[in-house]
Amino acid sequence: MWLDYVVLGLYVLIIVAIAIYTRNKSKTVNDFLLAGKKGLNGWMSAFSYGTTYFSAVIFIGYAGQFGWKFGLASFWIGVGNALIGGLLAWIIMAKRTKNMTTRLGAKTMPEFFEKRYDSKFLKIISAVIIFVFLIPYAASVYNGLGNLFEIMFGINGTVIVIVLALLTALYLVFGGYIATSLSDFVQGIIMLLGVLVMIVFFMLNTNVNGFEGIKKLTDSGFGFFVGYGDGGFLDSPMIVLISIVLLTSLGVYGLPQTVHKYYTVRDKKAIKQGMIVSTLFAFIVGCIAYFVGGLSHLFFTDASGFNGVSDNIIPYMLNKVIPIGLLG
């Protein structure tokens, strides 16, 4: 267990180092909100987009909840996220958003609405909407992470939420968007390597036993495809799954924290690069997260195994499969 704490300690040191490194790089409002005049390259923009998209809400909450409900078919949510929430979103929005915000000189979404429609009211109302509705969204992210630490390390979730909030505030206040993007890049690398290692350990685990587990899930009705069911059209598993794909994919078109990534992307070349990298990132992280969630029926016979709380599914599974050190 001590090795996990060493890993977590190193991560905290990296975040603190980023805050210190970027403390003198945000000298103007433009630097603080848009990472300076040049903006970010495609890789930085893509990783920032991907890590913002695939937060604890999806990785812990949705992957466990929908993996338990649909089995391996929840994998298609990850595919939809990559194609609709990643590739298509960049094709439709990146270039247009970058051009319009640059022409208008807008640094935030409320400011964009004000300048685009010459309306102070739209600026105020959009700022209020963002402030009010991002509170429960952010709370769900922190709650998921607090829950994860409580189950895996036995640390009080409230303490973890406070520590994570302070760490976030540290690099955000010190370095602004430059620090955020740099920390996102580090987190993105951790996420990519983490999920690739994670899928190997899960497939080799005795509960899964490679393709035998996939066959077992398929035979029990939790394979990669769902039918229409015996209920009405709107209650059919197929329609519900499609609805979830659209819900989790189209949401990023309106989330200020994802749309803002287009404000800061450097140029056309960076947009093309960012589109490709963010799509691949979404495929790898999203598909593996939902695939692992789909394996949950191989680890639990009923909901009592995770105390009936879907947020517990992924943490409980990780505890059973991932060795010390890698858990951190």
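Here, the structure is the one placed above.
Within each chain, residues carry numbers counting from 1 in the order of the written sequence. Residue-level local features of this predicted model are given only where pLDDT is at least 70; pairs of side-chain atoms are given and counted only at 80 or more, and the full residue set underlies all totals for whole chains, interfaces and linings. To obtain the side-chain values, all non-hydrogen atoms of the structure were used and water was disregarded.

Caption draft 1: Expanded view of the overall build of the chain. Segments assigned H or I by DSSP are reported as helices when at least four residues long, segments assigned E as strands when at least two residues long, and all are numbered from the N terminus. Tallying secondary structure elements over the chain gives 13 helices and 0 strands in all. When the helices and strands of the chain are listed from N to C terminus, the series reads α-α-α-α-α-α-α-α-α-α-α-α-α. Our radius of gyration looks at C-alpha atoms and nothing else; its globule reference is 2.2 Å times the residue count to the power 0.38. Relative to the compact-globule value of 20 Å for 328 residues, the chain shows a C-alpha radius of gyration of 21 Å, a close match. Across its three principal axes, the chain shows a C-alpha extent of roughly 55 × 50 × 35 Å. Buried positions account for 48% of the 328 residues belonging to the chain. Note on contacts: a residue pair is in contact if any heavy atoms of the two residues lie within 4.5 Å. Counting only contacts in the chain whose residues sit at least 6 apart along the sequence, the fraction spanning at least 24 positions is 80%. Buried means the residue's accessible area, taken with a 1.4 Å probe over protein chains only, is under 20% of the maximum for its type, while exposed means over 50%, and partly exposed covers the values in between.

Caption draft 2: How the structure looks around the environment of Leu217. One can find Leu217 in helix α9 (residues 211–219). Separated by 34 residues in sequence, Leu217 and Ser183 have C-alpha atoms that sit 38 Å apart. What Leu217 contacts, discounting residues up to four positions off in sequence, is Leu72, Phe222, Gly223, Gly294, Leu295, His297 and Leu298.

Caption draft 3: Here's a closer look at the packing of helix α3 (residues 42–53) against helix α11 (residues 256–264). Lines fitted to C-alpha atoms define the axes here, with helix axes fitted over just the stretch in contact, and angles between the N-to-C directions of these axes take values from 0 to 180 degrees. Here α3 crosses α11 at 175 degrees, and the two axes come no closer than 9 Å. With respect to their mutual orientation, α3 and α11 come out roughly antiparallel. Listed contacts from α11 to Ser48, Tyr49 and Thr52 of α3 are Gln257, Thr258, Lys261 and Tyr262. Three categories are distinguished: nonpolar for Ala, Val, Leu, Ile, Met, Phe, Trp, Tyr, Cys and Pro, charged for Asp, Glu, Lys and Arg, and polar for the others, with Gly belonging to the last. Class assignment for the residues of the contact of α3 with α11 results in 2 nonpolar, 4 polar and 1 charged. Roughly parallel here means an angle under 35 degrees, roughly antiparallel means over 145, roughly perpendicular means 65 to 115, and every remaining angle is called oblique.

Caption draft 4: Layout of unusual backbone geometry. Positioned with a positive phi, Asn209 is a non-glycine residue whose angle comes to about 55 degrees. Relative to the elements of secondary structure, Asn209 occurs in the loop between α8 (157–204) and α9. Given a relative accessible area of 41%, Asn209 falls into the partly exposed group. Located in the positive-phi region is Asn307, a residue other than glycine, with phi close to 60 degrees. Looking at the element boundaries, Asn307 is found in the loop between α12 (268–294) and α13 (313–321).

Caption draft 5: Local environment of the nonpolar core. Take the buried residues of types Ala, Val, Leu, Ile, Met, Phe, Trp, Tyr and Cys, join any two whose side-chain atoms come within 4.5 Å, and each joined set is a nonpolar core. Of all hydrophobic cores here, the largest spans 78 residues; its most connected members are Met198, Phe202, Leu295, Phe299 and Leu318. Considering every element that reaches this core, the biggest residue donor is α12, with 12 residues. Ignoring anything within four residues of it in the chain, the contact list for Leu318 reads Leu148, Met152, Met198, Phe202 and Leu327. Counting 6 residues, the second largest nonpolar core, distinct from the first, contains Ile15, Ile18, Leu167 and Ala179.

Caption draft 6: Seen up close, helix α7 (residues 120–153). Expected helix span is computed as 1.5 Å times (number of residues minus one). Spanning 34 residues, α7 covers 48 Å between terminal C-alpha atoms, matching the ideal 50 Å at 1.5 Å per step. In this scheme, the bend at a residue equals the angle between the axes fitted to the seven residues that finish there and the seven that begin there. In the structure, α7 departs most strongly from a straight axis at Leu134, where the bend amounts to approximately 30 degrees and where the proline Pro136 lies between one and four residues downstream. When we look at burial in α7, the residues that qualify are Ser126, Val141, Gly144, Gly146, Leu148, Phe149, Ile151, Met152 and Phe153. Among the structural elements, α1 (2–21), α4 (56–70), α6 (109–117), α8 and α13 are those in contact with the buried residues of α7. The positive-phi residue at the C-terminal boundary of α7 is Gly154, with phi of around 70 degrees.

Caption draft 7: The arrangement of α13 in detail. All of the buried residues along α13 are Ile313, Ile314, Pro315, Met317, Leu318 and Val321. Buried residues belonging to α13 abut α4, α7, α8 and α12.

Caption draft 8: Expanded view of a nonpolar patch on the surface. Among the surface-exposed residues, Phe121, Ile124, Ile125, Val128, Ile129, Phe131, Val132, Phe133 and Ile135 lie close enough to one another that they form a single nonpolar patch of about 910 Å² accessible area. Inspection of the secondary structure puts Ile135 in helix α7. Exposure remark for Ile135: the relative accessible area of 47% places this residue in the partly exposed category. The patches described consist of residues with a relative accessible area above 30% and no salt bridge, like charges being joined within 9 Å and nonpolar side chains (Val, Leu, Ile, Met, Phe, Trp, Tyr) within 5 Å. The Shrake-Rupley method, run with a 1.4 Å probe sphere, supplies the accessible areas, and residue values consider only the shown protein chains as cover. Salt-bridge detection follows one rule: a side-chain nitrogen of Lys or Arg within 4 Å of a carboxyl oxygen of Asp or Glu.

Caption draft 9: Representation of the packing of aromatic side chains within the structure. Think of it this way: a Phe, Tyr or Trp ring, Trp meaning its six-membered ring, pairs with another when their centres are within 6.5 Å, and the plane angle makes it stacked under 30 degrees, edge-to-face over 60, tilted otherwise. Tallying each qualifying case throughout the model produces 21 aromatic pairs. Here the aromatic rings of Phe66 and Phe70 are separated by 6.5 Å at their centres, their planes lie at 40 degrees, and the arrangement is tilted. Taken together, the residues Phe66 and Phe70, both in helix α4 and 4 residues apart, mark about one turn of the helix. Taken together, Tyr49, Tyr53, Phe54, Trp90 and Tyr262 form an aromatic cluster joined through their ring pairs.

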